[in-house]
Amino acid sequence: MPATLYDVRGIGGPQPIRLRDRRDTLIAPSSPVRVEVFLIKEKIVRGASGAAWITHLCDTSALITFEGELKEWEDVRLHLLNEHREVTGKMYGKVTAVRPLDDSRQEAEVRFTSVSQDAYKIIRQLENTP
């Protein structure tokens, strides 16, 4: 049965409002961003999987290098860390690809399923830094 789909991005009228365009192209921040990666099994957050860094990101996904173990299709929670190792934002996502790197590290692509407002602000700042 055919279905009509609409891509609604705004509403007009006396107080018009429009959603921001979503950026889907991965870009590299000026320096890698330190994160902690937590595995999620059956909706329960498990321990951290080891040291990790975001090397590329956009509004919808990130490319991370990490030490430890991650598998494709695992659910994860990423904690953005500042220079004092304090959590500044949380992102939830699904690992869509894992590739080995030259050394003991691996690279994973994570597609975001939920991003906290604090993390989203940081992503926007990192995307706009030269």
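Quick note: structure is the one above.
Residues numbered from 1 in each chain as written. Predicted model: local features only at pLDDT ≥ 70, side-chain atom pairs only at ≥ 80, totals over all residues. Heavy atoms only, no water.

## Some points on the packing of aromatic side chains
Put simply, the rule reads: Centres within 6.5 Å make a pair out of two Phe, Tyr or Trp rings, where for Trp the six-membered ring is used; the pair is then stacked when the planes are under 30 degrees apart, edge-to-face when over 60, and tilted otherwise. Geometrically, a lysine NZ or arginine CZ counts as sitting over a ring once it is within 6 Å of the ring centre and also within 35 degrees of the ring normal.
Under the defined criterion, the tally for this structure stands at zero aromatic pairs. Between the NZ or CZ atom of R34 and the centre of the ring of W53, over which it lies, the distance is 5.4 Å. Across the ring face of F38, the terminal group of R77 is positioned such that the distance to the ring centre comes to 5.6 Å.

## Focus on the nonpolar core
Rules: To form a nonpolar core, buried Ala, Val, Leu, Ile, Met, Phe, Trp, Tyr and Cys residues must be joined to one another through side-chain atoms within 4.5 Å. Relative accessible area decides the class of each residue, using a 1.4 Å probe on protein chains only: under 20% of the type maximum gives buried, over 50% gives exposed, and in between gives partly exposed. Helical segments are the DSSP runs of H or I of at least four residues, strand segments are the runs of E of at least two, and each set is numbered from the N terminus. It only takes one pair of heavy atoms within 4.5 Å for two residues to be counted as in contact.
Ranked by internal contacts, the top residues of the largest apolar core, which has 23 residues, are I54, I64 and L70. Contributions of two or more residues to this core are made by β3 (33–41), β4 (44–57), β5 (61–66), β6 (75–81), β7 (87–100), β8 (106–115) and α1 (117–128). Setting aside its immediate chain neighbours within four residues, I54 contacts P29, P32, V33, V35, A62, L63, I64, L80 and M91.

## A short note on the sheet that holds β3
Spelled out, the test is: Two strands make a pair as long as DSSP finds a minimum of two bridges between them. Convention adopted: a line fitted to C-alpha atoms gives each axis, helices being fitted over their contacting stretch, and angles between N-to-C directions are expressed from 0 to 180 degrees.
Ordered by their spatial adjacency, six strands build a closed barrel running β3-β4-β5-β8-β7-β6, and the pairing between neighbours is antiparallel. Strand-to-strand twist of the sheet, defined as the mean angle between neighbouring strand axes without regard to direction, takes the value 45°. In terms of strand pairing, β3 meets β4 through seven bridges, oriented antiparallel. Looking at the pairing, I40 lines up with V45 of β4.

## With respect to the side chain of R77
Rules: In the analysis that follows, any N or O atom pair within 3.5 Å is treated as a polar contact, provided that within protein one partner can donate a hydrogen and the other can accept it, and provided that, for residues neighboring in sequence, both atoms belong to side chains.
Within the element layout of this structure, R77 appears in strand β6. A distance of 2.8 Å separates polar atoms of two side chains, one belonging to R77 and the other to H79. Among residues more than four places away in sequence, those in contact with R77 are E36, V37, F38, I40, V45, K90, M91 and Y92.

## A closer look at the environment of L80
Take L80: it is sitting in strand β6. When the C-alpha positions of L80 and I40 are compared, they lie 17 Å apart, and in sequence the two are 40 residues distant.

## A word on the pairing of β7
With seven bridges connecting them, β6 and β7 associate as antiparallel partners. When the bridges of β7 are listed, R77 appears paired with Y92. Note: β7 against β8, nine bridges, orientation antiparallel. Among the inter-strand pairings, K94 is bridged to a residue of β8, identified as R111. Connecting β7 to the antiparallel partner β8 that follows it, the hairpin turn spans five residues.

None of this, on its own, says anything about what the molecule does.
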